[in-house]
Every structure is written in structure tokens, then in C-alpha cells.
Amino acid sequence: SAVISQKPSRDICQRGTSLTIQCQVDSQVTMMFWYRQQPGQSLTLIATANQGSEATYESGFVIDKFPISRPNLTFSTLTVSNMSPEDSSIYLCSVGGTSSYNEQFFGPGTRLTVL
Amino acid sequence: GESVGLHLPTLSVQEGDNSIINCAYSNSASDYFIWYKQESGKGPQFIIDIRSNMDKRQGQRVTVLLNKTVKHLSLQIAATQPGDSAVYFCAENITSMDSSYKLIFGSGTRLLVRP
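Residues numbered from 1 in each chain as written. Chains lettered and ligands numbered in written order. Predicted model: local features only at pLDDT ≥ 70, side-chain atom pairs only at ≥ 80, totals over all residues. Heavy atoms only, no water.

## Regarding unusual backbone geometry
Inference 1: Of note, the amide linkage connecting Lys7(A) to Pro8(A) takes the cis form, showing an omega dihedral of -10°.
Inference 2: Position of Pro8(A) among the secondary structure elements: in the loop between β1 (4-7) and β2 (10-13).
Inference 3: Here the phi dihedral of Arg61(B) falls at roughly 65°; this positive angle occurs in a residue that is not glycine.
Inference 4: With respect to the secondary-structure elements, Arg61(B) resides in the loop between β6 (56-58) and β7 (62-67).
Inference 5: Phi is positive for Ala79(B), close to 45°, though the residue is something other than glycine.
Inference 6: Checked against the element boundaries, Ala79(B) lands in the loop between β8 (72-77) and β9 (86-95). (Helix = DSSP H or I, 4+ residues; strand = E, 2+ residues; numbered from the N terminus.)

## Description of the confidence of the model for chain B
Residues and elements named next belong to chain B.
Inference 1: Within chain B, residue pLDDT values average 90, and 93% of them lie at 70 or more.
Inference 2: Ranking the elements of chain B by mean pLDDT puts strand β1 (residues 4-5) last, at 44, and β7 first, at 98.
Inference 3: Here residues 1-8 scores under 50 on pLDDT; set against residues more than four positions off or in separate chains, the count is 35 contacts. (pLDDT = per-residue confidence, 0-100. Contact = heavy atoms within 4.5 Å.)

## Brief notes about the interface of chain B and chain A
Inference 1: Of the residues lining the interface, 19 residues belong to chain B; the matching set on chain A comes to 20 residues.
Inference 2: When the two sides are added together, the surface that chain B and chain A hide from each other amounts to roughly 1,600 Å², 58% of it contributed by carbon and sulfur.
Inference 3: On inspection of chain B and its partner chain A, the count reaches one salt bridge.
Inference 4: One salt bridge in this structure joins Lys102(B) and Glu58(A), with 2.7 Å as the shortest N-O distance.
Inference 5: The tally of links between chain B and chain A comes to four residue pairs in polar contact (both at pLDDT 80 or more).
Inference 6: Counting only elements with at least two residues in the side of chain B that touches chain A, the list comes to β4 (32-38), β5 (45-51), β9 and β10 (101-105) of chain B.
Inference 7: Classifying every residue of the side of chain B that touches chain A gives nine nonpolar, seven polar and three charged. (Buried area = accessible area lost by both parts, 1.4 Å probe. Salt bridge = Lys/Arg side-chain N within 4 Å of Asp/Glu carboxyl O. Polar contact = N/O pair within 3.5 Å; in protein donor to acceptor, adjacent residues only side chain to side chain. Nonpolar A, V, L, I, M, F, W, Y, C, P; charged D, E, K, R; others polar.)

## Considering the nonpolar core
In globular proteins that are soluble, nonpolar side chains generally tend to be buried together.
Inference 1: Core analysis: the largest hydrophobic core is formed by 26 residues, its most contacted members being Trp34(A) and Ile46(A).
Inference 2: Where this core is concerned, the elements lending two or more residues are β3 (19-25), β4 (32-37), β5 (43-49), β8 (75-80), β9 (89-96) and β11 (110-114) of chain A.
Inference 3: A total of four residues in this core trace back to one element, the largest contributor, which is β3(A).
Inference 4: Judged by nonpolar contacts, the second largest core, of 20 residues, contains Trp35(B), Leu73(B), Cys90(B) and Val113(B). (Core = buried A, V, L, I, M, F, W, Y, C linked by side-chain atoms within 4.5 Å. Buried < 20%, exposed > 50% of the residue type's maximum accessible area, 1.4 Å probe, protein only.)

## Thoughts on the state of the cysteines
Inference 1: Under the counting rule described, the total for this entry stands at two disulfides over all chains.
Inference 2: With a sulfur-sulfur separation of 2.0 Å, Cys23(A) is cross-linked through a disulfide to Cys93(A). With the S-S bond torsion at 65°, the cross-link from Cys23(A) to Cys93(A) turns out right-handed. Here Cys93(A) lies in strand β9 and Cys23(A) lies in strand β3, a separation of 70 residues in the sequence.
Inference 3: Here Cys23(B) is linked by a disulfide to Cys90(B), with a sulfur-sulfur distance of 1.8 Å. Handedness here is read from the sign of the S-S torsion; for Cys23(B) and Cys90(B), about 50°, the answer is right-handed. Separated by 67 residues along the polypeptide, Cys23(B) in strand β3 (residues 19-25) and Cys90(B) in strand β9 bring together distant segments of the chain. (Disulfide = S-S within 2.5 Å.)

## Re the sheet that holds β3(A)
Residues and elements named next belong to chain A.
Inference 1: Read from one edge of the open sheet, four strands run β1-β3-β8-β7, paired in antiparallel fashion. Each end of this open sheet is capped by a strand with a single partner; those strands are β1 and β7 (68-72). Pairwise comparison of adjacent strand axes, ignoring direction, gives a mean angle of 15° for this sheet.
Inference 2: With three bridges joining them, β7 and β8 adopt antiparallel strand pairing. Across the sheet, the residue bridging to serine 69 is threonine 77, located in β8. (Pairing = 2+ DSSP bridges. Axes fitted to C-alpha atoms, helices over the stretch in contact; angles between N-to-C directions.)

## With respect to the packing of aromatic side chains
Inference 1: Scanning all chains against the criterion turns up twelve aromatic pairs over all chains.
Inference 2: Relative to Phe46(B), the ring of Phe105(A) lies with its centre 5.4 Å away and its plane at 40°, an arrangement referred to as tilted. Taken as a pair, Phe105(A) in strand β10 (residues 104-106) and Phe46(B) in strand β5 lie in two separate chains rather than in one.
Inference 3: With relative accessibility at 17%, the residue Phe105(A) sits in the buried group.
Inference 4: Judged by centre distance (6.2 Å) and plane angle (90°), the rings of Tyr36(B) and Phe46(B) are edge-to-face. Placement of Tyr36(B) in strand β4 and of Phe46(B) in strand β5 is noted, with a sequence separation of ten residues between them. (Phe/Tyr/Trp six-rings, centres within 6.5 Å; stacked < 30°, edge-to-face > 60°.)

Here it is, written out as C-alpha cells:
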């Protein structure tokens, strides 16, 4: 599977500010995804990051709050905008595998705390 | 609606015993399922997967069983070890008509291994 890194690994931010999280993969991948994992909870898909086009957002998530970039096949960013304490979560990127199945492999996550 | 749930939020087992983690899913169109292991402070780690045209798949010390009739998935871990202590998530894959796909995660089960 691909090696996936995320930056930053953690951050503490003030409410009203924005944070951009980076996801880097060591090989070209077609599919990249962004998830949120609130404290003690499961993973919820935010959006699919499409290379060369706008991200596809899931219900409850909007581009103004979570703008996503996917400039190439190895990199994506997720911005958490105008943060509030409710945005305190782990944010995870994942990538699709290379087999014919739709497996996904995850990065280590970014732990965000909003004060 | 689309949902994946788990029966047992916490499972405590004796080291050396076998563990069984269960998961119920609701979408009959799900075509692929994955079990992930998440250790504290890390991203989910792919353990084993199974396609919807199979009912059993075995890996090293792990077996996944799929019962499509009752929409039930289980993960069996043989000879559970302290390193198996983690939160386990099942995830169901849903493929759309345009070939895009996404994972829906269950709520997670925490496995505690007693020495």
C-alpha cells in the first residue's frame, strides 16, 4: 500500500481562524478522501477529492467550510475554515488502492483542537 | 438510510482466547467490506476485506464472515494478543453508477486484551 503522510500531525487553534491540512502520498493515486473523526466517534466522510475538478461533498459538509484542493495525483489539502470548538476532531485523508477493489488506506491523521 | 452499526461497543477477552467482533449493515447494495484496526493516536489500519460474492475470507489469525441474508459481518481474531488491543471498525463500500465509491463506517468496537 501507499505511504501517506499528513501535516500538521496536531495543532491547537483559536476560534475564527482557519487551518489547512496537507496530505501527501508517495505514489500517484486516483482517489483521495477526507474524513472527520470526532472524539470517541467513528469516521465520517467529508468529501472525495477529485483531481482536476471540484471535490464531491457528503451531506452536511459544504465547500465554504471545508475547501479542498487536489492539484495533482499525489497531494491534497483540506482547509477547516472559521473554526469553532465543534471542529475539534481528527482529520484523516485516505487513498484508494491499486487493485480492482475499492479498498482505502489511511494517513496518520491530524488532531485539531479549537479553543 | 445508509448506516453500519456494531453490536458491542467494548469487548474484553483473555489473552490467548479467540475474539469475535460483530457488525450489522443496512445497505443491501454494498459490494465490498473492510475491517480496520485503529490504535490510539494512529490512523485506521487495513486488516482484511471481503467482497459481497464471498461469505468467508481468512488472513493471518483473522477471519471475516459475511452473511448477506441478515446483513451481518464479523471479524474473528484467533489467539488474541495484547497487541490486538485497539478499536475495530467495519466499513461498507458503496459504488455509484459513475464508478465513484465511498466507505460508510460502523461505530467501532474497543477490544481490550487481558494479560
